[in-house]
Amino acid sequence: MPAITRRTLLALTGAAVTVNSVSADTRASPKLQALIAAHEAAYAAFHRVVHRAGSSRDDRERADGVEQEALLAVCSYPAIGRDDRRAKAKYLLAVEARGELDLQEHMQAILRSIMRG
């Protein structure tokens, strides 16, 4: 029996929600906007794979890996200005609220990005 990860279980149960990436009152830099858009696309692709009939464990693991890399890129981004910090925080809080910001690497990347910012 293929292993079911917490992430796959969340995706299968429909527990995932769409994140409104950057609200109108926040002007994130083009770089951060691109990173968030890339994560949103990878997250949507992950869910399509999980819900696709006949998707293999390899397909799910590959999609999960791509999504995780995109999320780590957002976590790692050294937000420079107040608008970037606010947009990044809002986005990551929404991701965390759906239970996705749980890897040790996520927290390490966030903390390192603060030191670089």
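Conventions and cut-offs
Residues numbered from 1 in each chain as written. Predicted model: local features only at pLDDT ≥ 70, side-chain atom pairs only at ≥ 80, totals over all residues. Heavy atoms only, no water. Patch = residues over 30% accessible without salt bridge, like charges linked within 9 Å, V, L, I, M, F, W, Y side chains within 5 Å. Areas by Shrake-Rupley, 256 points an atom, 1.4 Å probe, with all protein chains shown as cover. Salt bridge = Lys/Arg side-chain N within 4 Å of Asp/Glu carboxyl O. Helix = DSSP H or I, 4+ residues; strand = E, 2+ residues; numbered from the N terminus. Buried < 20%, exposed > 50% of the residue type's maximum accessible area, 1.4 Å probe, protein only. Phe/Tyr/Trp six-rings, centres within 6.5 Å; stacked < 30°, edge-to-face > 60°. Lys NZ or Arg CZ within 6 Å of the ring centre and 35° of its normal. Core = buried A, V, L, I, M, F, W, Y, C linked by side-chain atoms within 4.5 Å. Contact = heavy atoms within 4.5 Å.

(A) Here's a closer look at a nonpolar patch on the surface. Judged by side-chain polarity, Met107, Leu111 and Ile114 come together as a nonpolar surface patch covering roughly 310 Å² of accessible area. When you line up the elements, Ile114 lands in helix α5 (residues 104–116). You can call Ile114 exposed: its relative accessible area is 58%.

(B) Region of interest: the packing of aromatic side chains. If you walk through the whole model with that rule in mind, you get zero aromatic pairs. In this arrangement the basic side chain of Arg98 is found over the ring face of Tyr43, its NZ or CZ atom lying 3.7 Å from the centre.

(C) Structural view of the nonpolar core. If you look at the biggest cluster of nonpolar residues, it comprises 17 residues, and the most contacted ones within it are Leu32, Leu71, Val74, Cys75, Tyr91, Leu92 and Leu101. Taken together, the elements giving at least two residues each to this core come down to α2 (30–51), α3 (57–76), α4 (82–97) and α5. Beyond its immediate sequence surroundings of up to four residues, Val74 is in contact with Leu35, Ile36, His39, Lys88, Tyr91 and Leu92.

(D) Region of the structure containing the environment of Glu61. Within the fold, Glu61 resides in helix α3. In this structure Glu61 comes out as partly exposed when scored by relative accessible area, which is 44%. Along the chain, Glu61 and Val49 lie twelve residues apart, while their C-alpha atoms are 9.6 Å from each other.

(E) Up close: the pattern of salt bridges. Counted by the stated rule, this structure contains three salt bridges. Of the charged contacts in the structure, one is a salt bridge between Arg57 and Glu61, with a shortest N-O distance of 2.9 Å. Taken together, the positions of Arg57 and Glu61, both in helix α3 and four residues apart, correspond to about one turn of that helix. Between Asp59 and Arg62 there is a salt bridge, and its shortest N-O distance comes to 3.6 Å. With Asp59 and Arg62 both in helix α3, this residue pair falls three residues apart, about one helical turn. If you follow the salt bridges from partner to partner, you end up with Arg52, Asp59 and Arg62 in one network.

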